[in-house]
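This is what each chain is made of:
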Amino acid sequence: MIPELQPWMLLIVAMIVFTIGLLGVIVRKNLLIMLMSIELMLNSVNLCFVAFSRIHHLVEGDLTALFVMTVAAAESAVGLGLVIALFRTLRTVDSDQIQMLRD
Amino acid sequence: MILSLLILFPAVGFLINGLLHLMAVNSKRKISANVSGFIATAAMVASFGVALYQFLLLRNIPAEGRIFEQTLFNWISLGKLQLDFTLRLDSLSAVFCLVITGVGSLIHLYSIGYMHDDETPAKYFSYLNLFCFMMLNLVLGATLPHVFLGWEGVGLASYLLIGYWYRDLEKVAAGQKAFIMNRIGDLAFLLAMFLAFRATGTLDLLQLQKIGLEPALVLPFGLLIFFACTGKSAQIPLFTWLPDAMAGPTPVSALIHAATMVTSGIYLLTRLSSVISSSETVLMVIAMTGAVTVFLSALMACAQTDIKKVLAYSTISQLGFMFLGCGVGAFDAGVFHVMTHAFFKALLFLGAGSVIHALHGEQDIFKMGGLMKKLPITSWTFIMGWAAILGLPPFSGFFSKDEIIYQSLTSPHGSVSFFILAVAAAFLTAFYMTRLLVLVFFGPSRVDAKVAAKIHESPMLMAAPLIVLSILALVGGWLGAPVHVGAETTTESHAIEYAVMGGSVVMALIGAFIAHKKYGQTSKAEKVNSFLLNGMKWDSFYLCTFGTGTQKIATGINTFFEEMIVQRLIRWSAVAVDLSGNILKIAQSGSAQGYLAMMAIAIFAILAWVIYGVGQYGKL
């Protein structure tokens, strides 16, 4: 029998998704994949908000999740723009090639 | 009160001549020696007039109250230390003032002739006036710091005048040597001053004499003061600067290095006699040093070939007599000898200057001879000086020197060994002075033919001071011991006194006779003992111990401390910094993902710590 969905299960899922997102940002070299991983992390946070909202019977968590989605949309638009600008100047989206911070 | 005029005149002369010199340098013109010499001499004569007037006034007052005092201004105001700039004239300083201004005036006058062809006479005379100003401060100062001011001031003037012909590096070095040797003694003076202030809370000389020091402090205080005096008065062990100081112009040697500055040690000892004479040890050290100096420097004088160096060693020897006098408690005899010595030694130096002037700078006594006919005034006055320093009656040296020799035997502090050394020195004095006299003025002429043709007697400006001084050298002794300070020793037995007198005169005559026999007909240079010629190698000794020794210590510290420890420490610390930098550099990869990873790890670590803490204690 399938157990009933409990809020703490959502938190477990959120943790897993967040970890995947974080590892993706750190490990993957493609800027686009890194952006996607950031989105993953944001969404895992959203999941947390919703779960805690459920646990504590508050509506603010759900509302905040909506805000985060809006900001995430804007952020990914800016992020993609930056990636395109970088690609135009450097002709690459490989993060290993982009090490101007050291110099 | 006109006491301040005494020091004011030389100060004004110094300023005027100094400004004249600066103007001359700026406008590239030459100030005539007559002009600046006249200003300086007038200042000194005026000062002498004041000194004489004050001296006569002083004589009219009963002996207990013989003190004039004038406070000019508050000098130092520093908590417990309150010092006024006070001039104080008593019979001791009056004698010194008369000698300084009197002999000083004559030497200023003589300098006009001697420095006639000099490039910068205004500078010379301003230095000379500065010296007299400082010397008067030394003897008139009412407090120890005031005396110290003069003490340092005369050292400065002496340095400036020894190195007056500064283009000759040897003369500059001689000036520096004099300055540095004096500085060693000055340190002792400073320490003595600190000691006195700590013990009594006052630096006023009169109060210091009244209060005195605790018996335990008299010994260190006396020895420090005495060591200071050995520097200024050129006694063993600090005497080596004086022969070199002869590099200065001859009138300077006469004024500073014979008549006045070098006697300031005697002044200081006499001034503090009531404080220091309570310690037997101090007196014995003074007397011993004096006696040894008298004898050794007389021995060294016998081997000198430079006319001024003979006189320089002779000065050291005569100063030794004065110290011997002070050391056996006969301070008044010492001061008496200061006065007579000022007359006849200034006379001898000025005579030597006259000879050097006539021979156009020749100073080697083996290149002189037979000058009697050509320089009659110089010769006769020189002979008067010779008779005075030998102590032949009735010349001045006879009275003062025999007083000291007599006291060295009969005084409660005296001893037979002091007496023997003093008499031996008197014998040697007669020997080297007669040697000098005979070699310079008598016998066959050994002067270079080129120079011989141009020999001339000195001008009247130079001859007049010689004549005046020779009269003073003749009659100076009749003034008697002019001051009575320190421990008075009564002459209970005239028989001993006459015996000592006769004995020392006979010794002097024997010395003179031997010298005459030996050098009467010398026609070529004598081979002198180089050990004695070089002042018994004291200089080499100092060079080996203090000069080279210090250098060796410094080199040792350099190799063992600097190179082995300090430099290695620096090198290894540099290596450590380099290494740690290289290690930490790895983290600075420049890759944003690397930084992110580090950040993530750090956050996890902190989180883990926080969560662990919450689990452990229930709260943060």
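Residues numbered from 1 in each chain as written. Chains lettered and ligands numbered in written order. Predicted model: local features only at pLDDT ≥ 70, side-chain atom pairs only at ≥ 80, totals over all residues.

## What to know about the overall build of chain B
Reasoning step 1: For chain B, the helix and strand inventory stands at 24 helices and 2 strands.
Reasoning step 2: The buried share of chain B, reckoned over its 620 residues, is 50%.
Reasoning step 3: Long-range pairs, those at least 24 residues apart, make up 82% of the contacts in chain B with a sequence separation of at least 6. (Helix = DSSP H or I, 4+ residues; strand = E, 2+ residues; numbered from the N terminus. Buried ≥ 20, exposed ≤ 12 C-beta atoms within 10 Å, placed from the backbone. Contact = placed C-beta atoms within 7 Å.)

## Here's the deal with the packing of helix 15 (residues 331-358) of chain B against helix 16 (residues 376-390) of chain B
Residue and element names in this part refer to chain B.
Reasoning step 1: Axis separation between helix 15 and helix 16 bottoms out at 9 Å; the angle between their running directions is 145°. The crossing of helix 15 and helix 16 is left-handed. Seen from helix 15, the contacting residues are Thr 340, Phe 344, Leu 347, Leu 348, Gly 351, Ser 354 and Val 355; seen from helix 16, they are Thr 378, Thr 381, Phe 382, Met 384, Gly 385, Ala 388 and Ile 389.
Reasoning step 2: Of the residues belonging to the contact of helix 15 with helix 16, the class tally is 8 nonpolar, 6 polar and no charged. (Axes fitted to C-alpha atoms, helices over the stretch in contact; angles between N-to-C directions. Left-handed = near helix turned anticlockwise from the far one by under 90°. Nonpolar A, V, L, I, M, F, W, Y, C, P; charged D, E, K, R; others polar.)

## Some words on the interface of chain B and chain A
Reasoning step 1: The partner chain A presents 8 residues to the 9 residues of chain B that form the contact.
Reasoning step 2: Broken down by class, the residue content of the side of chain B that touches chain A amounts to 4 nonpolar, 5 polar and no charged.

## Looking at the nonpolar core
Reasoning step 1: In terms of nonpolar packing, the biggest core is built from 195 residues, with Phe131(B), Ile225(B), Ala346(B) and Ala422(B) touching the most fellow members.
Reasoning step 2: The residues contacting Ala346(B), other than those within four sequence positions of it, are Val103(B), Ile107(B), Ala254(B), Ala258(B), Ala259(B) and Leu469(B). (Core = buried A, V, L, I, M, F, W, Y, C linked by C-beta atoms within 7 Å.)

## Considering helix 3 (residues 60-90) of chain A
All names here are of chain A.
Reasoning step 1: When the terminal C-alpha atoms of helix 3 are compared, their 43 Å separation across 31 residues agrees well with the 45 Å that a helix rising 1.5 Å per residue should span.
Reasoning step 2: Where burial is concerned, little of helix 3 is hidden: 0 out of the 31 residues are buried.
Reasoning step 3: Phi turns positive one or two residues past the end of helix 3, at Arg 91, with a value near 60°. (Expected span 1.5 Å × (residues − 1).)

## So, the environment of Gly222(B)
Residue and element names in this part refer to chain B.
Reasoning step 1: Looking at the element boundaries, Gly 222 is found in helix 8 (residues 215-232).
Reasoning step 2: Residue classification places Gly 222 among the buried positions, given that 24 C-beta atoms sit within 10 Å.
Reasoning step 3: As for Gly 222 and Val 285, which are separated by 63 residues in sequence, their C-alpha atoms are 9.7 Å apart.
Reasoning step 4: The residues contacting Gly 222, other than those within four sequence positions of it, are Ile 276, Ser 279 and Val 282.

## A closer look at the domain arrangement of chain B
Often the size quoted for an interface is simply the accessible area lost on bringing the parts together.
Reasoning step 1: Domain boundaries in chain B define domain 1 (279-533) and domain 2 (544-617).
Reasoning step 2: For domain 1 of chain B and domain 2 of chain B, the distance between their C-alpha centroids amounts to 74 Å. (Domains from an automatic or database assignment.)

## A few points about the pairing of strand 1 (residues 68-78) of chain B
On a regular strand, one side chain projects to one face of the sheet and the next to the other, so that they alternate.
All names here are of chain B.
Reasoning step 1: Pairing analysis gives 9 bridges linking strand 1 to strand 2 (residues 81-89), with the strands arranged antiparallel. Bridge pairing in strand 2 places Ser 77 opposite Gln 82.
Reasoning step 2: Here strand 1 hands over to strand 2 after 2 residues, with Gly 79 in that stretch at a positive phi of 65°. (Pairing = 2+ DSSP bridges.)

## Things to note about the environment of Phe52(A)
Residues and elements named next belong to chain A.
Reasoning step 1: Its place among the elements puts Phe 52 in helix 2 (residues 31-56).
Reasoning step 2: For Phe 52, a count of 18 C-beta atoms within 10 Å translates into the label partly exposed.
Reasoning step 3: Considered as a pair, Phe 52 and Met 69 are 17 residues apart in the sequence and their alpha carbons are 17 Å apart.

## Examining helix 6 (residues 169-200) of chain B
All names here are of chain B.
Reasoning step 1: Counted at 1.5 Å a residue, the expected span for helix 6 with its 32 residues is 46 Å, and the 46 Å between its end C-alpha atoms agrees.
Reasoning step 2: Maximal helix bending in helix 6 amounts to about 25°, located at Ile 184.
Reasoning step 3: Where helix 6 is concerned, the buried positions are Lys 171, Ala 174, Gly 175, Lys 177, Ala 178, Met 181, Asn 182, Gly 185, Phe 189, Ala 192, Met 193 and Ala 196.
Reasoning step 4: Where the residues of helix 6 are buried, they touch helix 5 (144-162), helix 7 (205-211), helix 8 and helix 9 (241-244).
Reasoning step 5: Two residues or fewer past helix 6, Gly 201 is found with a positive phi of approximately 75°. (Bend = angle between axes of the 7 residues up to and from the residue.)

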